[in-house]
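Observations on chain architecture
The residues making up each chain are set out below.
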Amino acid sequence: MSFGREIWDAVRPNLVRSTTAFLNEFSKYFYDFLNSCSIWAFFYLFRVVTSRMPAEGWIACVIVYLHDLGVLAAMGNLLSSIIIDIVQSRRGGAVCFA
Amino acid sequence: MFRLANPADFFRDYSESPRLKFKLAWLMVGGLVVPLAFLMAFGLPEKYAAYLVLVGMVPFEYVTYCVLRSRQAPVTTKYEVAAAPAISAELFVFLSDSMAANWAERMEIQRTQSEELQKRLIELLAPTRTTTQSATAPPPISTPDKPGAPYAAVSSASW
């Protein structure tokens with residue numbers, strides 16, 4: 001048995017196990033992504049709509065800050081959701097960091 | 001009535017239910033982001049608002065989860081507990097015997113299935129031998145009568 005073949009036979013079971021676990025958990029990450037995309041898309045449309053409005057004063061400030069914080073919340077929500085999913089799954093999720 | 005939920009339950013339900021994730025995320029936007037945007041318009045510095053959003057996101061969703069769960073959970077009052085049917089001694093013995101019999105039967109089925117599975121695994125995982133060696137016989141051992149017998153088989157191999 002060659003040296004390379006021996007290495008491959010040792011690595012392959014772990015690789016298959018990790019990849020299978022990651023694919024099993026992949027739907028969760030995809031749903032997290034869709035959730036955050038829904039928030040982001042809402043605030044994008046919110047900005048498109050409100051940019052056509054003649055708003056002034058504190059109302060304009062609220063609109064601008066709402067858009068900024070909403071996009072930040074979408075990114076934070078994606079990050080926290082994925083971290084929670086990885087911690088919950090305890091298997092395969094760490095493949096994301098490999 | 002507000003009841004604090006176990007954080008482990010929150011994280012498990014949050015991870016397993018996409019609908020709950022969606023609901024909590026949008027409630028977080030409505031209950032945390034919108035008030036903070038108003039506060040920013042009236043003088044709250046942006047860096048504090050950003051930190052509050054990032055740090056308070058998960059705690060806010062946990063509190064929201066507790067509120068939702070408190071509303072959905074059936075409330076058991078002391079009257080309902082008092083109205084529960086009493087278990088008599090005869091009923092208790094009957095239930096215990098039934099559960100024990102059921103348990104013994106299930107254990108027997110599991111034992112039979114595991115034995116069959118073990119046999120099949122042994123058949124499947126039996127090592128495949130080359131044509132120079134039989135499946136059951138051990139490899140030839142070097143004896144004083146025939147020195148170097150195992151090396152004869154090796155030397156006849158292709159490598």
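Refer to the structure above for everything that follows.
Calculation notes
Residues numbered from 1 in each chain as written. Chains lettered and ligands numbered in written order. Predicted model: local features only at pLDDT ≥ 70, side-chain atom pairs only at ≥ 80, totals over all residues. Heavy atoms only, no water. Helix = DSSP H or I, 4+ residues; strand = E, 2+ residues; numbered from the N terminus. Buried < 20%, exposed > 50% of the residue type's maximum accessible area, 1.4 Å probe, protein only. Contact = heavy atoms within 4.5 Å. Expected span 1.5 Å × (residues − 1). Bend = angle between axes of the 7 residues up to and from the residue. Salt bridge = Lys/Arg side-chain N within 4 Å of Asp/Glu carboxyl O. Axes fitted to C-alpha atoms, helices over the stretch in contact; angles between N-to-C directions. Parallel < 35°, antiparallel > 145°, perpendicular 65-115°, else oblique. Left-handed = near helix turned anticlockwise from the far one by under 90°. Nonpolar A, V, L, I, M, F, W, Y, C, P; charged D, E, K, R; others polar. Buried area = accessible area lost by both parts, 1.4 Å probe.

As for the overall build of chain B
- Helix and strand counts for chain B come out as six helices and zero strands.
- In sequence order, the secondary structure elements of chain B are arranged as α-α-α-α-α-α.
- Residues classed as buried in chain B amount to 18% of the 159 residues present.
- Of the contacts formed within chain B by residues at least 6 apart in sequence, a portion of 66% connects residues at least 24 apart.

A few points about helix 3 (residues 46-72) of chain B
- Taking 1.5 Å per residue as the helical rise, helix 3 of chain B with its 27 residues ought to reach 39 Å, and the 37 Å between its terminal C-alpha atoms agrees with that figure.
- Approximately 50° is the largest bend angle found in helix 3 of chain B, and it occurs at G56(B), with the proline P59(B) only one to four residues beyond.
- Buried residues of helix 3 of chain B: A49(B), V53(B), G56(B), M57(B), E61(B), Y62(B), T64(B), Y65(B), C66(B), L68(B) and S70(B), and no others.
- Against the buried residues of helix 3 of chain B lie helix 2 (57-89) of chain A together with helix 1 (7-16) and helix 2 (18-41) of chain B.

Overview of the pattern of salt bridges
All names here are of chain B.
- Overall, the coordinates contain ten salt bridges over all chains when judged by the stated rule.
- Measuring nitrogen to oxygen at the nearest pair gives 2.8 Å for the salt bridge that ties E108 to R111. With E108 and R111 both in helix 5 (residues 89-124) and three residues apart, this pair spans about one turn of that helix.
- E108 sits in the partly exposed class, given a relative accessible area of 41%.
- Residue classification places R111 among the partly exposed residues on the basis of a relative accessible area of 42%.

Some points on the packing of helix 2 of chain A against helix 3 of chain B
- The geometry of helix 2 of chain A relative to helix 3 of chain B is characterised by a closest axis approach of 10 Å and an angle of 40° between their N-to-C directions. On the basis of the axis angle, helix 2 of chain A is oblique to helix 3 of chain B. The element helix 2 of chain A and its partner helix 3 of chain B pack so that their crossing is right-handed. For the pair formed by helix 2 of chain A and helix 3 of chain B, the contact residues are D68(A), L69(A), L72(A), A73(A), G76(A), N77(A) and S80(A) on the first element and E46(B), A49(B), A50(B), V53(B), L54(B), M57(B), V58(B) and E61(B) on the second.
- Within the contact of helix 2 of chain A with helix 3 of chain B, the residues separate by chemical class into nine nonpolar, three polar and three charged.

A look at the interface of chain B and chain A
- Chain B puts 27 residues into the contact, and the matching count from chain A is 25 residues.
- Summed over both partners, the interface of chain B with chain A buries about 2300 Å², with 77% contributed by carbon and sulfur atoms.
- The interface formed by chain B and chain A holds two salt bridges in total.
- One salt bridge connects D32(A) with K21(B), and the closest N-O pair in it is separated by 2.7 Å.
- Elements with a contribution of two residues or more to the side of chain B that touches chain A: helix 1, helix 2 and helix 3 of chain B.

Quick word on the side chain of N35(A)
- Among the secondary structure elements, N35(A) is positioned in helix 1 (residues 3-50).
- Setting aside its immediate chain neighbours within four residues, N35(A) contacts N77(A), P18(B), K21(B) and F22(B).

Focus: the environment of H67(A)
- Its location among the elements puts H67(A) in helix 2.
- Distance from H67(A) to F42(A), taken between C-alpha atoms, is 9.3 Å for residues 25 residues apart in sequence.

Keep in mind these numbers describe shape, not what the thing actually does.
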